[in-house]
Amino acid sequence: TIVQVFFTMRIVDKVTEITEAIANAIGSSDTSAIWQKGGLMVACAAALCACQVGVQFLASFTASNIATRLRDDLYVKVNRFALSDLAGFSTESLITRSTNDIQNIHMAFLYAFRTIFVAPITMVWSIIKLIRTASAPLTISTAVWLVLLIVVVVVLMILVMPRFNKTQKLMDDLNVASRENLTGVRVVRAFNAEDYQEGKFEVVNEGYTRLMVFVGRAVALFTPFVMFVMMGLTLSLLWITAFIINGMNVADAANVFKNSNSFVMLASQIIMSFVLLITIMILWPRACVCANRIKEVMLHKESVQDPENSKPFTEKGTIEFRDVGFAYPGADKESVSHISFKVKQGETIAFIGATGS
């Protein structure tokens, strides 16, 4: 992209020379340089296309492998949880973390790998070229439009970012409502509670919908505003250029017009690079929320752990409990205590309570 802008500026310089030559009636200028630079631009465009395809493949491969590894590690971790650990997170929340949260992280890494190097390099190079052009009115105009864009982005971040935490929690609530209805469908139908369950789901679904509509509308305003900034910047630069060249001779006017065209191209590159970075900035906070939710699961210490020095099995098909107890999560005391029994292969054991259960 940088090379394309460079050669475009050279073509503009050459066209300016031809315009000056025609205006001063000193003969026609050689246009072979335009064909030469144009051919180089076509070659650069082809090379850019090949590089972009390579970057896309590499970014997709890397992001997908990160998501796959996270999904595998999370699955292995959850398989080690006891019932009390599962109750602490809830099955529904673990499903959301294993699917939707990891998908959000995957998308953030995918966009980041695509633009994390291209956008900053293009922006820095364009800013350096703008400074070297040393046109105060045009520089001030560009800076004003960039500041306006930054202000709108900051306001957008303030409005949208807090909603991402609520989004993932509401996704958990949706899974809870769906799972309760599906796993307890017999009880729901036996008590004729379909309307009650539908009402519970509708409340959660409407809350999630309102939140996502707000976020979608806020983000949707960004694209047309960027186009407004692009067009406004171009028009302001051209208007300032017309004001400056008013009353100048042809040679000086051509030089100012050349700088104006360079400013338009470079300023457009800066804004587009900034837009790419903002896209990452919008995706990254939500990915950070999802990453923290996954981190909670991965760092959770299991309540039931294997002994450090395990002994080898000496019997086949034998189950033995030695002085064990059980308590429900949050209970003050154990429901059963000091239980010991041994069941060998082929035997059957039954536990009967005081009520016959």
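Just so it is clear, the model here is predicted, and its values are computed rather than measured. (Residues numbered from 1 in each chain as written. Predicted model: local features only at pLDDT ≥ 70, side-chain atom pairs only at ≥ 80, totals over all residues. Heavy atoms only, no water.)

Chemist: How should unusual backbone geometry be read in this particular structure?
Modeler: Peptide bonds are trans in most cases, and residues, glycine excluded, mostly fall at negative phi. Phi at Asn 192 takes a positive value of approximately 55°, unusual for a residue other than glycine. Within the secondary structure, Asn 192 sits in the loop between α7 (185–190) and α8 (194–220). Located in the positive-phi region is Asp 323, a residue other than glycine, with phi close to 50°. Among the secondary structure elements, Asp 323 is positioned in strand β1 (residues 319–326). (Helix = DSSP H or I, 4+ residues; strand = E, 2+ residues; numbered from the N terminus.)

Chemist: Explain the environment of Arg 71 here, please?
Modeler: Within the element layout of this structure, Arg 71 appears in helix α2 (residues 32–79). On the basis of relative accessible area, Arg 71 is assigned to the partly exposed category, the value being 34%. (Buried < 20%, exposed > 50% of the residue type's maximum accessible area, 1.4 Å probe, protein only.)

Chemist: Help me understand the nonpolar core, please; the structure alone is not making it clear to me.
Modeler: Across soluble globular proteins, nonpolar side chains show a tendency to be buried alongside one another. Counting residues in hydrophobic clusters, the biggest one holds 31 residues, and the most contacted among them are Leu 149, Val 153, Val 160, Phe 222, Val 226 and Ile 271. Elements with a minimum of two residues in this core: α5 (118–133), α6 (136–183), α8, α9 (222–245) and α10 (250–298). For this core, the leading source of residues is α10, giving 10 residues. Grouped together as the second largest cluster of nonpolar side chains are 13 residues, Val 78, Phe 89, Leu 94 and Ala 108 included. (Core = buried A, V, L, I, M, F, W, Y, C linked by side-chain atoms within 4.5 Å.)

Chemist: Is there a simple way to explain the environment of Asp 85 in this structure?
Modeler: Locating Asp 85 in the fold gives a position in helix α3 (residues 83–89). By relative accessible area, which is 5% here, Asp 85 ends up buried. Separated by 217 residues in sequence, Asp 85 and Glu 302 have C-alpha atoms that sit 6.7 Å apart. Here Asp 85 is in contact with His 300, Lys 301, Glu 302 and Ser 303, once residues within four sequence places are set aside. A distance of 2.9 Å separates a polar atom in the side chain of Asp 85 from a polar atom in the side chain of His 300. (Contact = heavy atoms within 4.5 Å. Polar contact = N/O pair within 3.5 Å; in protein donor to acceptor, adjacent residues only side chain to side chain.)

Chemist: Explain the packing of aromatic side chains to me, please; I cannot follow it from the model alone.
Modeler: Each aromatic ring pair is characterised by the separation of its centres together with the angle its planes make. Here the structure, examined in full by the defined rule, presents six aromatic pairs. Between the aromatic rings of Trp 145 and Phe 228, the centroid separation amounts to 5.6 Å while the plane-to-plane angle is 70°, which identifies the pairing as edge-to-face. With Trp 145 in helix α6 and Phe 228 in helix α9, this residue pair connects regions lying 83 residues apart in the sequence. Given a relative accessible area of 16%, Trp 145 falls into the buried group. Relative accessible area serves as the criterion here: at 46%, Phe 228 is assigned to the partly exposed category. Look at Phe 321 and Phe 341: their rings are 4.8 Å apart centre to centre, the planes differ by 15°, and that puts the pair in the stacked class. Placement of the pair is Phe 321 in strand β1 and Phe 341 in strand β2 (residues 336–343), with a sequence separation of 20 residues. (Phe/Tyr/Trp six-rings, centres within 6.5 Å; stacked < 30°, edge-to-face > 60°.)

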